[in-house]
Amino acid sequence: MRVNILLFAHYRELAGTDAVALELPDGATAADAVARLRAAGATLARIPAAPALAVNEAYAPLETALADGDEVALLPPVAGG
Amino acid sequence: MRVNILLFAHYRELAGTDAVALELPDGATAADAVARLRAAGATLARIPAAPALAVNEAYAPLETALADGDEVALLPPVAGG
Amino acid sequence: MSVHSWLTDRPLEAADVLARVGGHEDGAVALFLGTVRRSNAGREVAGMRYDAYLPMAERVLAAIAAEALERLGEGSVAAAHRVGEVQLGGASVAIAAASPHREEAFAACRYVIEEIKVRLPVWKLERYTDGTQAWLGGAPPPAPEPAEAAS
Amino acid sequence: MSVHSWLTDRPLEAADVLARVGGHEDGAVALFLGTVRRSNAGREVAGMRYDAYLPMAERVLAAIAAEALERLGEGSVAAAHRVGEVQLGGASVAIAAASPHREEAFAACRYVIEEIKVRLPVWKLERYTDGTQAWLGGAPPPAPEPAEAAS
């Protein structure tokens, strides 16, 4: 399956991009997507292993099972207000 | 001595006026001024015997000794805001 | 640090107090508006008339605002209260506080409105849609503080 | 009862949220403005850039405002948050709540700003007068609620 990873703020700078498409095996979780992304480059490895994340625009735990077409956003600590 | 009594809101309606000048003996207190005023008419007697009051624009207790020229304001329960 | 307070017989807007607080050192602004509402104790309100013991009310409001600023420590406070006729929906009181920190800004606004309710020599004559009117019962009189008592 | 929330890349004013709350049944309006301040952790700030995960931020802000209104019971809530560049002194967030009672109006404003700080997917890039900039450390990630977790 194919999922779209969105990156924001500091993580976006580490990735050098705001989105990455990943091909993952069926049954993959959000944690698997994060691990795959962190393995893809030295600066990407500086993204935390367990970041806050959202799946399809809602906060979701790392163990969330992904489905084809899911949008997974890696969220640095939020700083609104 | 002569003091000026100011009346507000409900008390003003009871008095039918917003100010009354009173001649009081030396040594009179604010309580004496209130008693004198309440004795001056049937509707005036409906002013409480121990109203909140201000002497010269500051809250003051009933036992405050008055001086010639003092301004004594009889204050119904306040209702600002 | 600045403090402004006043009573006015003109319509009062949030912008009047907001314009008098806040600076580049502040990160938070809190505002409170009290407005005349339609129903009170089951009766339909058309408007309100505010009477004040004006020179004393100016002193007391200035004292309250200064106390709020003192508690705030840094920042600014502005407080304004209406006298005269206020229509339904109109503001009777407007309070703004600016501070580097939001908790303090909220607390300053709260302090000013709570103190106004118990100390400000202002009275309201509520006017009803049936043409009657009544002076509203208010807060019990404050116990005079020694510092405030006349000599 | 009404609730409004939005993110905007245009300058934000108190009047924008105040215009969306309050009615003749309300007697109290509370407002909170967060503004960009000059100094933070000893550094001199020139401005701030707010980035957002926009569609999610719109959902989360709407949820926060709806929760505030639910707690309010009656009245109205409006909440707006900036994205993009905000100059020194400019508002990054504006929240207004109207209620028949002042405690509830203050509490609703407090609820919205506190929840924004921990839940709203927005980040700020602080720009300093020396030309440098830094992403501000923010709140720890919220624990996902069961109702919010993706299936």
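Residues numbered from 1 in each chain as written. Chains lettered and ligands numbered in written order. Predicted model: local features only at pLDDT ≥ 70, side-chain atom pairs only at ≥ 80, totals over all residues. Heavy atoms only, no water.

Concerning the overall build of chain C
Looking only at helices and strands, chain C features three helices and nine strands. Listing every helix and strand of chain C by position from the N terminus yields β-α-β-β-β-α-β-β-β-α-β-β. For chain C, the spread of C-alpha atoms along the three principal axes comes to 50 × 40 × 25 Å. Burial statistics for chain C: of 151 residues in total, 50% are counted as buried. (Helix = DSSP H or I, 4+ residues; strand = E, 2+ residues; numbered from the N terminus. Buried < 20%, exposed > 50% of the residue type's maximum accessible area, 1.4 Å probe, protein only.)

Side note on the sheet that holds strand β4 (residues 58-59) of chain A
Residues and elements named next belong to chain A. With respect to topology, five strands assemble into an open sheet ordered β2-β1-β5-β3-β4, the strand pairing being mixed. Whereas interior strands pair on both sides, the edge strands pair on one side only; in this sheet they are β2 (19-23) and β4. With five bridges connecting them, strand β1 (residues 2-7) and β2 associate as antiparallel partners. When the bridges of β2 are listed, V3 appears paired with L22. Its contacts with the sheet place helix α2 (residues 30-38) against β1, β2, β3 (52-55) and β5 (71-75), and it is angled at close to 110° to β2. (Pairing = 2+ DSSP bridges. Contact = heavy atoms within 4.5 Å. Axes fitted to C-alpha atoms, helices over the stretch in contact; angles between N-to-C directions.)

As for the interface of chain C and chain B
Contact with chain C, which involves 32 residues of that partner, is made by 26 residues of chain B. A combined buried area of about 2,400 Å² lies between chain C and chain B, and 62% of that area is made up of carbon and sulfur atoms. For the pair chain C and chain B, the interface holds one salt bridge. A salt bridge links E57 of chain B to R59 of chain C, with the shortest nitrogen-to-oxygen separation between them at 2.9 Å. Counting across the chain C and chain B interface gives ten residue pairs in polar contact (both at pLDDT 80 or more). Mapped by element, the contributors of at least two residues to the side of chain C that touches chain B are β4 (43-52), α2 (54-72), β7 (91-99), α3 (102-119) and β8 (122-128) of chain C. (Buried area = accessible area lost by both parts, 1.4 Å probe. Salt bridge = Lys/Arg side-chain N within 4 Å of Asp/Glu carboxyl O. Polar contact = N/O pair within 3.5 Å; in protein donor to acceptor, adjacent residues only side chain to side chain.)

So, the confidence of the model for chain C
All names here are of chain C. Chain-level pLDDT for chain C is 91 on average; 91% of the residues reach the 70-or-more range. Low pLDDT (under 50) marks residues 146-151, which in the prediction has twelve contacts with non-local residues, meaning those over four places away or in another chain. This prediction of the complex comes with two scores: 0.92 for pTM and 0.92 for ipTM. (pLDDT = per-residue confidence, 0-100.)

Some remarks on the packing of α3 of chain C against helix α3 (residues 102-119) of chain D
It is at 12 Å that the axes of α3 of chain C and α3 of chain D come closest, and there the two elements cross at 180°. As the angle between them shows, α3 of chain C and α3 of chain D are arranged roughly antiparallel. For the pair α3 of chain C and α3 of chain D, the contacting residues are R102, E103, F106, C109, R110, I113, E114 and K117 of chain C in the first and R102, E103, F106, C109, R110, I113, E114 and K117 of chain D in the second. Looking at the contact of α3 of chain C with α3 of chain D residue by residue, the class counts come to six nonpolar, no polar and ten charged. (Parallel < 35°, antiparallel > 145°, perpendicular 65-115°, else oblique. Nonpolar A, V, L, I, M, F, W, Y, C, P; charged D, E, K, R; others polar.)

So, the arrangement of the chains
Separated throughout, chain A and chain C approach each other most closely at a C-alpha pair spaced 10 Å apart. One finds no contact between chain B and chain D; the C-alpha atoms of the two approach each other to within 10 Å at their closest.

Here we look at the side chain of R119 of chain D
Turning to its location among the elements, R119 of chain D is positioned in helix α3. Residue R119 of chain D is classed as buried on the basis of its relative accessible area of 8%.

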